[in-house]
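# Observations on the three-dimensional arrangement
In case you want the letters, here they are:
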Amino acid sequence: IANGIVSHNSTLLSSIAGCLSQEEVVIYASAEEAAPQIKLRMDRMGIDSDKLFLMTETNLEKILAEADRLDPIVLIIDSIQTIYTELAESSAGTITQVRECASILTNFAKNNGITVFIVSQMTKNDSFAGPRILEHTVDTTLYLEGDENGFVRILRSIKNRLGPAPETAFLEMTSGGFIDIVNPSEIFLSERNSSAAGTTIAAMIDGTKAMLVETQALVSNSEYANPSRSAMGFDRNRINKIADVLTKHAKCAMSIRNIMVNIIGGIEGTEPALDVPMAIAMLSSMLGKVVPADVVSFGEIGLTGELRSVSRSDLRIKEAEKIGMKHVIIPLSKRSQYDSKKINIIPMKNVKQLYQWVDS
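Quick look at the structure, then. (Residues numbered from 1 in each chain as written. Predicted model: local features only at pLDDT ≥ 70, side-chain atom pairs only at ≥ 80, totals over all residues. Heavy atoms only, no water.)

Let us look at the packing of helix α7 (residues 236–250) against helix α10 (residues 351–359). Packing of α7 against α10 leaves a shortest axis separation of 9 Å and a crossing angle of 90 degrees. One way to sum up the angle between α7 and α10 is to call them roughly perpendicular. Every residue of α10 that contacts α7 at V245, L246, H249 and A250 is listed here: V351, K352 and Y355. Per-class residue counts for the contact of α7 with α10 are five nonpolar, one polar and one charged. (Axes fitted to C-alpha atoms, helices over the stretch in contact; angles between N-to-C directions. Helix = DSSP H or I, 4+ residues; strand = E, 2+ residues; numbered from the N terminus. Parallel < 35°, antiparallel > 145°, perpendicular 65-115°, else oblique. Contact = heavy atoms within 4.5 Å. Nonpolar A, V, L, I, M, F, W, Y, C, P; charged D, E, K, R; others polar.)

Counting residues in hydrophobic clusters, the biggest one holds 44 residues, and the most contacted among them are L246, M254, I267 and M282. Contributions of two or more residues to this core are made by β7 (152–160), β10 (199–206), β11 (209–221), α7, β13 (257–263), α8 (275–287), β18 (344–348) and α10. For this core, the leading source of residues is α8, giving eight residues. When near neighbours in sequence (up to four residues on either side) are disregarded, I267 contacts I154, F170, F188, M204, M211, V213 and G233. (Core = buried A, V, L, I, M, F, W, Y, C linked by side-chain atoms within 4.5 Å. Buried < 20%, exposed > 50% of the residue type's maximum accessible area, 1.4 Å probe, protein only.)

Attention now goes to the sheet that holds strand β17 (residues 327–331). Pairing is mixed in the open sheet, where seven strands are placed in the order β12-β13-β11-β10-β14-β17-β18. Whereas interior strands pair on both sides, the edge strands pair on one side only; in this sheet they are β12 (229–232) and β18. Sheet twist, expressed as the average angle between the axes of neighbouring strands with direction ignored, equals 25 degrees. With seven bridges joining them, β11 and β13 adopt antiparallel strand pairing. Bridge pairing in β13 places A217 opposite V261. In this fold α7 packs onto β12 and β13, with an angle of close to 125 degrees to the strand it touches most, β12. In the packing of α10 onto the sheet, contacts are made with β14 (295–297), β17 and β18, and the angle to β18 comes to roughly 130 degrees. (Pairing = 2+ DSSP bridges.)

Another aspect to go through is the sheet that holds strand β2 (residues 26–30). Taken in spatial order, the four strands make up an open sheet running β3-β2-β4-β5, and their pairing is parallel. On the outer flanks of this sheet lie β3 (52–55) and β5 (115–118), each paired with one strand and no other. Sheet twist, expressed as the average angle between the axes of neighbouring strands with direction ignored, equals 15 degrees. As paired strands, strand β4 (residues 74–78) and β5 are joined by four bridges and run parallel to one another. Each residue of the ladder has a partner; that of L75, found in β5, is V116.

Relative to each other, α8 and α10 sit at 45 degrees, their axes nearing to 10 Å. One element, α8, and the other, α10, form an angle in the oblique class. Our pair here, α8 against α10, has a crossing hand that is right-handed. Taken together, the residues of α10 that come into contact with α8 (itself represented by V276, A279, I280, L283, S284, M286 and L287) are L354, Y355, W357, V358 and D359. Partitioned by chemical class, the residues of the contact of α8 with α10 number ten nonpolar, one polar and one charged. (Left-handed = near helix turned anticlockwise from the far one by under 90°.)

Along the chain, the position of D339 falls in the loop between β17 and β18. When the C-alpha atoms of D339 and D314 are compared, they prove to be 9.2 Å apart, with 25 residues separating the residues in sequence.

Attention now goes to α7. Taking 1.5 Å as the rise per residue, α7 with 15 residues should run 21 Å; its terminal C-alpha atoms sit 20 Å apart, in good agreement. Those residues of α7 that fall on the buried side of the exposure criterion are R238, I239, K241, I242, A243, V245, L246 and A250. Check the buried side of α7 and you find it contacts β12, β13, α8, β15 (300–301) and α10. The N-cap of α7, judged by a side-chain oxygen 3.1 Å from the amide nitrogen of N237 a few residues on, is D235. (Expected span 1.5 Å × (residues − 1). Polar contact = N/O pair within 3.5 Å; in protein donor to acceptor, adjacent residues only side chain to side chain.)

Pasting the structure below:
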């Protein structure tokens, strides 16, 4: 398990340890924090178990000796960059130590039939610190992601020998630890101002889950020869592409304007299906027309102005139905593949039709 935000791995693993230790022995070996720090966090989270054992130890051999003695169902190592084995002469955190410790822990888990959670630090380019063998050795690789200033955290499986990947879990960070977000769509849309121009709802896929998110755009006249572009949660290059396509094929002079876009909730939107809702938000802001609150959209925009179909359309539409949306804008080619009496499907062929719909 690793993350690229302020360290919440300890909070997540404390919750796991607290739950599992109600029935079975769990060892939490922390080489980063002092025992009083961990005790304060577990008290705050309401964790109290006679079968949860805490170690503040950096020597791997001593940790495994206690594991042999206590025979736990789970061993938590926090983190692998701070422990060392006597079989390697280098200091903790080096490539040699990380490789050797990972190998020893893997063999220990297999030989003793227990589960080992290994926390790893992240590098500046959001990859695991240390050798790649760390990822190759383990059965499952999990990333804990999210905006530092937001309350939503995403636990994402990048590799999983035991099940499908990528899977995602949405969690809310509270003073008592993490809470599972059963319906992310309702959370992301809870504070939406549906009466303002420049906002619409997108149906996106994250991992294997469909969810609805709010996309916002602010389009203004530029006072300079080179208009500014900024994007939060969205690829800025795709913003430039959408603006140029709308200018060329919808005749709306979008490319000469300043454009700011945002996906609310700290969500990173990388899939092409967000092209259509982002274009709708941009047109809505430029024209000053409010998009109805019960409309959701998805689809890719091609360079010739056509709307192109995307994968798992039925999953997106079912999520829109569940939230109570009344209309869904989709690429024309997907019209015949889904039929619903709960939601009105609006097929569109190109960005010109999209422009006419927003302006109507």
